Each structure stands twice: as C-alpha cells, then as structure tokens.
Amino acid sequence: MSKASRPYGAVLLLCYNITDMNSERTLIRDLPKNTNKTATIYGWLHKKRLLGGLNFITVRDRSGVAQSLIENKAELEKLRGLQIGTVVEFIGKVVKDDRAPNGVELHDVKVEVLSPVTDEPPIEIDKPISHQSEHLDTLFENRVLNVRNLQEQKIFLIRSAVVQYLREFLLQNEFTEIDTPKLLAEATEGGSEVFQLDYFGKTATLAQSPQFYKQIMVGAYERVFEINHAYRAEPSATTRHLTECTMLDLEMGFCDHAQVRQMVGDGVKYVLTKLYKVFAHELKSFNAPELRLTDEIPAFSIAKIHEMYTKATKIDTTQEKDLIPDEEKFICDYARKQFGSDLVYATDFPLEAAKFYHKIDAEKAVTMWADLLFRGVEIATVPMREHNYTKLVEQMKAAGLNPNDSGFKYYLQAFKYGLPPHGGCGLGVDRLTQKAIGLNNIKEATLFPRDLNRLAP
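Described below are features of the structure shown in this document. (Residues numbered from 1 in each chain as written. Predicted model: local features only at pLDDT ≥ 70, side-chain atom pairs only at ≥ 80, totals over all residues. Heavy atoms only, no water.)

**Re the packing of helix H8 (residues 302-313) against helix H9 (residues 325-339)**
Then, in step 1: Here H8 crosses H9 at 90 degrees, and the two axes come no closer than 10 Å. Classified by the angle between their axes, H8 and H9 sit roughly perpendicular to one another. Note on element contacts: H9 touches H8 through Asp 326, Glu 327, Phe 330, Ile 331 and Tyr 334, opposite Ile 305, His 306, Met 308, Tyr 309 and Ala 312.
Then, in step 2: A class-by-class count of the residues in the contact of H8 with H9 yields seven nonpolar, one polar and two charged. (Axes fitted to C-alpha atoms, helices over the stretch in contact; angles between N-to-C directions. Helix = DSSP H or I, 4+ residues; strand = E, 2+ residues; numbered from the N terminus. Parallel < 35°, antiparallel > 145°, perpendicular 65-115°, else oblique. Contact = heavy atoms within 4.5 Å. Nonpolar A, V, L, I, M, F, W, Y, C, P; charged D, E, K, R; others polar.)

Printed below as a string of structure tokens:
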C-alpha cells in the first residue's frame, strides 16, 4: 500500500462536491507530479533557514512537508517577524532537487500570509519531542502544539489505523456496529469506581462499559461491537491506567468460549499484521519491537502462571485471584521466548474472581474468562456470559445484588425473552496502540489524556 493510500483518519466521510479552499491547490505529496509547473500550496510554516542569499522555508500540510527557496527580498519580507505555525499560501515553480523532501522544491515563490503568528511558541515543533517520564507533563501541557511535530503525528495516524483495522475485521465477520449511552442510571458492574453526577435531581453515572447493552443486542443481531469511551474512577497513577479510555467492546452469540477467544485473537492479529505492513517505516522510527505472531495463541491458566512465576521468582502469588502486573510481563516474556508469540492468553480465572454475569465451568471449578496479554500488559478481557435467565438471577443474588432493582430491569428482560450462549471482550485501544508502537506510558498514545490530575487540555 502506498503512502498516499494510507488511512489518515479512522472515519471515511462520503461527501458530494467537497473541494479544498482553492481548486488550484496542490497537496505537498503531489508536487513531484508537477515538476517544471507552477503550483499553489497551502499550509503552516514549519521551519525557516535563513542563510543570507539562500533562504529555505519549509511548509507543512496534511500530506507532508515541502521546501521552498525564496530569493526575492520583497517576498521574504512578508515573513519577517512571523513565527512557526503561520498559515501561508505559496505559489512557485516546482523544481527537481534530490536533496529536498520528496525530491522537489518550490522556486520563484510568491508569498501570501493567511494567518500570521507573532508570538514565539513555547516549544519548537521541528525538534524531537521528549517522551522521558519526567517530561510527560510538559508534553501534555503543550499537546496543542507538539501534535504538529511530524514524529508525534505518527502516533495518532497509527492509532487511527488501529481503530480502522479493528472495524474492518469485525465488519468482515458480520458484526453490526452499535452506539450505546454513556449516561447511566446505575453502574454497569457495580462497585465504587464510577463517576457520579447530578442528572436533573437524580444520580447518574458515566458508563464503565457498554456491558449490558451489548449483551441485550445479541438478541437482535447475534454479533455486535462498538468503539467508544469508557470511564473508570480508579485512583491509579500508573503507566497503564486512564480515567477516560477508548475501548472496543464486542459480543457474539451462538458460540463457546474457544470461539470467542479465537475471534478476539484473530482480530488483534489482523490489526497488528496490517499495521506492521502499512506503517513499517513509522514503526521503525519509534524502534518498535519486531512483531512475532503464531497461528495459535499460547494459553496458560491463571493457576499455572502463578505456579511458574512463584517457582521462577520465589514470590508466592498462588493465592492471588488475578495476575499481578509483574506476572503479566513474566508470562509475555516466556511466550515470546518459548513460542515466538507476542500474544498470550491467561485463562480459567478462579471462581472468586467471577462477576455475576460470568459463566462458570462447574466441572473445572473455574470462571470461563480469559485475558489476552500483549507485550507485558493485558489488552482485552474475554469472558463467556451466563445466558440462562434463572441461573443469572441466582448469581446476582449470590453476589448480593437485587434482581428487582430498576437498574437491572431491561437487562434481565433480554434474558427472560431469550438470549443464546454468548461471550465477548473489552479491548483497550489505548493499550494496544501503546504496545504496538513501543511507548512506555499509555498516556503517550492518548491525544488528550485524562488521569487523576489532568482535566485539560
């Protein structure tokens, strides 16, 4: 796939007669097609190199950067005192020059300033942006500007592609995309880790997930998904948590747990394989790890991972109901070294880890729940649901929940009137993007991150 055909946004808009602001405009990526012709480009001043008689001005638009040689003093004077970010129109002759970006540059340039910038910006967007942990606050404080940095832009082009490829895979597999409310009367999964707000005198919560809704919609379409925001009031100041995150949630009916795991695993492999092919150059510029995938994703029970980790580290985790973060890294390293796989499943969660809607494997005395791990972190939870109405009500009562509570009315209605065996996943888009690129902190893969201390920009 050529650079010109890469996805520069996750959403394709189908419009009629939509053109750029000037029908004569040439996008910078198309300048080589116009060698020895006059072209008009629009964009932002990206860099200035004033070398006396040779004055090189770099302009950026959505497709790339172009170098212009401005020798006319009157034209250069129009840019005096103006800073990087000034919006301009350049008209000039396209001349071949192998030293310039794209192998061409503009000569005999006529300059028009469309939006002047006179204030010196707080950061230099044409210089490398530091992602060291001690500089992250500075990075986020200046996100409005640093996202104009060409290397920084690659992160969000890749993220956009992750979303696009997830959607492609699911649509190819007959999933229907849905859109569910984020203002709820009750917390989906219970607990205190929800954001509450006043809703015209009532208490509402922000959705932790579309859990109830996607299960309900299995009764209509069998296979559904949505890619949307979720809100978690977790007081966690870590490199892997956000209070507002982007999730892929899917649910599929008439399946068993192995089929759900297969679907989720195949979807992630589809995304990663395509990402590493289309964005090979960009990923290399981040020193992203070599991608290693296998036809079958290795799987280990939670109990087995505890046993292996305890034996290797002498730290006893056998009484834990979930994996500790260091165990996730441990089993991922093991799977990569022993099986050549960046992906690994942790399966068969203990009964005490189950939520009321999880399906229990009575014979094995485990919860039918798996986590998909990628490069040291869990990126997706992949459980089966209890689809039997009577059994579900029993499990709700055992968990201390009241099935007659109004918050469960419509959810239980779906089961009462027939839902098939079903399972699904919640997959973190932020984490998948972070680990695919090789970033150290989930916030680096998030355009405007929200955490314990940040509500702006």
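**Focus: the sheet that holds strand S17 (residues 369-374)**
Sheet strands associate in pairs through backbone hydrogen bonding, adopting either a parallel or an antiparallel arrangement.
Then, in step 1: One open sheet accounts for eight strands, arranged S6-S10-S11-S19-S18-S17-S13-S12; its pairing is mixed. Every interior strand has two partners, whereas the edge strands, strand S6 (176-177) and strand S12 (299-301), have only one.
Then, in step 2: Two strands pair when backbone bridges link them, and S6 and strand S10 (residues 223-231) are joined in this way by two bridges, in the parallel orientation. Looking at the pairing, Thr 176 lines up with Val 224 of S10. (Pairing = 2+ DSSP bridges.)

**Thoughts on the sheet that holds strand S7 (residues 183-184)**
Then, in step 1: With respect to topology, three strands assemble into an open sheet ordered S7-S9-S8, the strand pairing being antiparallel. Each end of this open sheet is capped by a strand with a single partner; those strands are S7 and strand S8 (196-199).
Then, in step 2: With two bridges joining them, S7 and strand S9 (residues 202-206) adopt antiparallel strand pairing. Residue Leu 184 lies in a different strand from S9, and its bridge partner there is Thr 205.

**Examining the layout of surface pockets**
Then, in step 1: By volume, the largest pocket is sized at about 1,300 Å³.
Then, in step 2: Considering the residues around the largest pocket, the lining is formed by 43 residues, among which Arg 232, Glu 234, Lys 355, Glu 378 and Thr 381 are closest to the centre.
Then, in step 3: Among the secondary structure elements, those contributing two or more residues to the lining of the largest pocket are helix H5 (211-221), strand S11 (244-253), H9, S17, strand S18 (377-383), strand S19 (422-428) and helix H12 (429-437). (1 Å grid on protein atoms, 1.4 Å probe; cavity = no way out; pocket = protein on both sides within 12 Å on 5 of 7 lines; lining within 4 Å. Points joined across faces, edges and corners; volume = space filled by probe spheres on them.)

**Points about H5**
Then, in step 1: Considered for burial, the residues of H5 that qualify are Gln 211, Phe 212, Lys 214, Gln 215 and Val 218.
Then, in step 2: Residues of H5 that are buried make contact with S10, S11, helix H11 (409-416) and S19.
Then, in step 3: Phi for Glu 222, located one or two positions after H5, is positive at around 70 degrees. (Buried < 20%, exposed > 50% of the residue type's maximum accessible area, 1.4 Å probe, protein only.)

**Some points on empty space enclosed by the protein**
Then, in step 1: The tally for this structure, following the rule as stated, stands at two cavities of 30 Å³ or more.
Then, in step 2: Volume-wise, the largest cavity comes out at about 70 Å³.
Then, in step 3: Around the largest cavity, the lining residues are Leu 166, Phe 169, Leu 170, Leu 248, Leu 250, Met 263, Val 264, Gly 267, Val 268, Cys 425 and Leu 427.
Then, in step 4: Sorting the residues of the lining of the largest cavity by element identifies helix H4 (150-172), S11, helix H6 (257-278) and S19 as the ones contributing at least two each.
Then, in step 5: The biggest single contributor to the lining of the largest cavity is H6, with four residues.
Then, in step 6: Class assignment for the residues of the lining of the largest cavity results in ten nonpolar, one polar and no charged.
Then, in step 7: Approximately 40 Å³ is the volume found for the second largest cavity.
Then, in step 8: As for the second largest cavity, its lining consists of Lys 182, Pro 210, Glu 226, Asn 228, His 229, Ala 230, Met 247 and Asp 249.
Then, in step 9: When contributions to the lining of the second largest cavity are tallied by element, the ones reaching two or more residues are S10 and S11.
Then, in step 10: With four residues, S10 is the largest single contributor of residues to the lining of the second largest cavity.

**Regarding the side chain of Lys 435**
Then, in step 1: Along the chain, Lys 435 falls in helix H12.
Then, in step 2: One buried charge, Lys 435, has no salt-bridge partner; the nearest side chain with opposite charge is Glu 328, at 8.7 Å.
Then, in step 3: Excluding anything up to four places from it in sequence, Lys 435 contacts Phe 374, Arg 375 and Val 377. (Lys, Arg positive; Asp, Glu negative; His and termini not counted. Salt bridge = Lys/Arg side-chain N within 4 Å of Asp/Glu carboxyl O.)

**Points about the nonpolar core**
Then, in step 1: Grouped together as the largest cluster of nonpolar side chains are 51 residues, with contacts concentrated most on Val 264, Leu 372 and Leu 432.
Then, in step 2: At ten residues, the largest contribution of residues to this core is made by H4.
Then, in step 3: Setting aside residues no more than four positions away along its own chain, Val 264 makes contact with Leu 250, Tyr 345, Leu 372, Ala 380, Val 382 and Cys 425.
Then, in step 4: If you look at the next biggest cluster of nonpolar residues, it comprises 18 residues, including Ala 39, Leu 45, Ile 57 and Leu 79. (Core = buried A, V, L, I, M, F, W, Y, C linked by side-chain atoms within 4.5 Å.)

The values reported here are purely geometric and, on their own, carry no functional implication.
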